[in-house]
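Summary of the model geometry
Spelled out, the chains give:
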Amino acid sequence: MCAVTVNAASSVSLEDVSVVSPRGETILNAIALRIEAGDSVALAGRSGAGKTTILRLLNGLTAPSTGRVLIDGVEMNGDLTERRRHIGTILQAPALFPHRSVYDNVATVPRLLDWPEERIREAAREMLDRLGMPLDRFGPRFPRSLSGGEQQRIGIARAMIAQPALLLCDEPFSALDPLVRRDLQDEFVGLRDRGHVTMLFVTHDLAEALRVGRRIVLIDRGEIVCDLPREAFVRSDHPLVRQFIEASRLPEI
Ligand SMILES: Nc1ncnc2c1ncn2[C@@H]1O[C@H](COP(=O)(O)OP(=O)(O)O)[C@@H](O)[C@H]1O
Ligand SMILES: [Mg+2]
């Protein structure tokens, strides 16, 4: 048996971060965002607001034009190969490796971390079981033979199997039908709560934001317009928050 090691969750800080495009347009303006270790934050806002750019700053795919991006107090620059292994990313389209089996997809990060194969298999079995995709049945299959919901489950398993210290999610369920989405949200929240992880979850779906985030950050045109615990968020009288909540209501019939 292998001892189960649990990573410590990361803290995250964006200090007065701005991002300017090569053509001189401001994409993010003076963003100040602090996430304590183990907290989960939903980042909401309309399309083009700058949500994905914030996630890209955190895995080092975009560099700030000014300001600093820190994970665990250390700036995200230089060689990030090793640091990225402790960051899990779940995207709208899971971008599975098409020529790798489900098992080999899920085993990607543990192999980079040099886990013994036996430990990988055990962790994959447990993770895939929880996600309703038993290893014996789904492990040998290839991504193209899976439905969208099944592929997304594998994307979640791949991102979470090595217990990342930071989990970045970019509208991971928005392409799924509402029933599958609901189901996956619940499983995802359960998995998140079992691992000690810090989470930043981008969504434009209010119900989803309230389900996964203890805190809601609303961003508009590259600026944070409000940053509140979810209970305070739904009661906020900020006009953009009201607009966002109104737009999410079911029509009266
Ligand atoms: N590399 C880039 N060059 C120029 N503009 C960009 C680049 N990346 C993003 N943008 C622009 O920045 C804005 C924010 O993009 P993004 O962070 O993807 O928004 P969101 O995820 O909230 O929809 C958009 O207007 C987008 O067109
Ligand atoms: Mg986006």
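Residues numbered from 1 in each chain as written. Chains lettered and ligands numbered in written order. Predicted model: local features only at pLDDT ≥ 70, side-chain atom pairs only at ≥ 80, totals over all residues. Heavy atoms only, no water.

Focus on the overall build of the chain
Using the following cut-off: Secondary structure is summarised from DSSP: a helix means a run of H or I of at least four residues, a strand means a run of E of at least two, and numbering begins at the N terminus for each. We take the radius of gyration over the C-alpha atoms and set the globule estimate at 2.2 Å times the residue count to the 0.38 power. A simple rule labels every residue: compare its accessible area, found with a 1.4 Å probe on the protein chains alone, to the largest value its type can have, and call it buried under 20%, exposed over 50%, or partly exposed in between. Any pair of residues with heavy atoms lying within 4.5 Å of one another is described as a contacting pair. Accessible areas in this description were obtained via Shrake-Rupley with a 1.4 Å probe; residue shielding takes into account the shown protein chains only.
Along the chain, the regular secondary structure elements total 11 helices and 10 strands. In summary, the chain has a C-alpha radius of gyration of 18 Å against a globular reference of 18 Å for 253 residues, a match within 12%. Dimensions of the chain along its principal axes, counting C-alpha atoms only, are 55 × 50 × 35 Å. Going through the 253 residues of the chain one by one, you find that 47% of them count as buried. In the chain, of all internal contacts separated by at least 6 residues, the share reaching a separation of at least 24 is 67%. Total accessible area on the chain stands at roughly 12,600 Å², and carbon and sulfur atoms take up 52% of it.

Quick word on helix H11 (residues 239-247)
Condition: Starting at the helix axis, one direction is taken to each C-beta atom, and the arc is that of these directions.
Within the sequence span of H11, burial applies to Val241, Phe244 and Ile245. Along the axis of H11, the buried residues cluster in a sector spanning 95°; they form a single face. Residues of H11 that are exposed and point more than 90 degrees away from the buried face comprise Pro239 and Ala247. Those residues of H11 that are buried are in contact with strand S3 (40-44), helix H9 (206-212), strand S9 (215-220), strand S10 (223-229) and helix H10 (230-235).

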